[in-house]
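# Structural features, examined
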Amino acid sequence: MALKSAVIRDPVVRMEYELEQWGRWIRSGNGRSGYGSCILAALRGSTVPEPNIADARAETIDAAMLRLQAFDRPMWGALWYTFAEGRPPYKWAKLVGVGRQTAYYRLLPDAVR
């Protein structure tokens, strides 16, 4: 059974879960954010798991990501690469030339101890 974001009490874990579901929402073709999500969905075919997120919540996250893109493009890029494209953070770290631990810390600072 998939976790529901409403029952996840830890805010960092909940945020990561919701970003993961938002990424699935984008990749499944439901997202209409102007990112070219329909192209992503077409390229990936039916390999994207069904998102477990309400459209309203996904659209809220999507709007926040659009604002983040204008405000902090490197952070937006890291989140996009990890969640919307479904790639692991260590690959983003290699791409931008930072260590694996640094990548995780930048994405979810409270998750790394």
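Please read these numbers as outputs of a predicted model, since none were measured by experiment.

Another point: the overall build of the protein chain. On a plain count of helices and strands, the protein chain comes out with six helices and zero strands. In the protein chain, the proportion of contacts linking residues at least 24 apart, taken out of those at least 6 apart, comes to 52%. Summing over all exposed atoms, the protein chain offers an accessible surface of approximately 7200 Å²; the carbon and sulfur share of this is 56%.

The next thing to look at is the nonpolar core. Core analysis: the biggest nonpolar cluster contains 14 residues, and Trp-22 and Met-65 have the highest contact counts within it. Counting five residues, the second-largest nonpolar core is a separate cluster that includes Ala-78, Tyr-81, Ala-93 and Ala-103.

With respect to the secondary-structure elements, Gln-21 resides in helix α1 (residues 11-27). Contact partners of Gln-21, with chain neighbours within four places excluded, come to Glu-50, Pro-51, Asn-52 and Ile-53.

Relative to the assigned elements, Thr-82 resides in helix α4 (residues 73-84). Reaching out from Thr-82, the side chain makes a polar contact with the backbone oxygen of Ala-78 at a distance of 2.9 Å.

Our next topic: helix α5 (residues 89-96). Among the residues of α5, Pro-89, Trp-92 and Ala-93 are the ones counted as buried. End-on, the buried residues of α5 take up no more than an arc of 105 degrees, which puts them together on one face. Across α5 from its buried face, at more than 90 degrees, point the exposed residues Lys-94 and Leu-95.

This part covers the packing of α1 against helix α3 (residues 55-71). Close contact between α1 and α3 brings their axes to 10 Å; oriented N to C, the two are set at 95 degrees. By the angle between their axes, α1 is roughly perpendicular relative to α3. Contacts from Glu-18, Leu-19, Trp-22, Trp-25 and Ile-26 of α1 reach α3 at Asp-55, Arg-57, Ala-58, Glu-59, Ile-61, Asp-62 and Met-65. Grouping the amino acids of the contact of α1 with α3 by side-chain chemistry returns seven nonpolar, no polar and five charged.

Rules behind the numbers
Residues numbered from 1 in each chain as written. Predicted model: local features only at pLDDT ≥ 70, side-chain atom pairs only at ≥ 80, totals over all residues. Heavy atoms only, no water. Helix = DSSP H or I, 4+ residues; strand = E, 2+ residues; numbered from the N terminus. Contact = heavy atoms within 4.5 Å. Areas by Shrake-Rupley, 256 points an atom, 1.4 Å probe, with all protein chains shown as cover. Core = buried A, V, L, I, M, F, W, Y, C linked by side-chain atoms within 4.5 Å. Buried < 20%, exposed > 50% of the residue type's maximum accessible area, 1.4 Å probe, protein only. Polar contact = N/O pair within 3.5 Å; in protein donor to acceptor, adjacent residues only side chain to side chain. Arc of directions from axis to C-beta. Axes fitted to C-alpha atoms, helices over the stretch in contact; angles between N-to-C directions. Parallel < 35°, antiparallel > 145°, perpendicular 65-115°, else oblique. Nonpolar A, V, L, I, M, F, W, Y, C, P; charged D, E, K, R; others polar.

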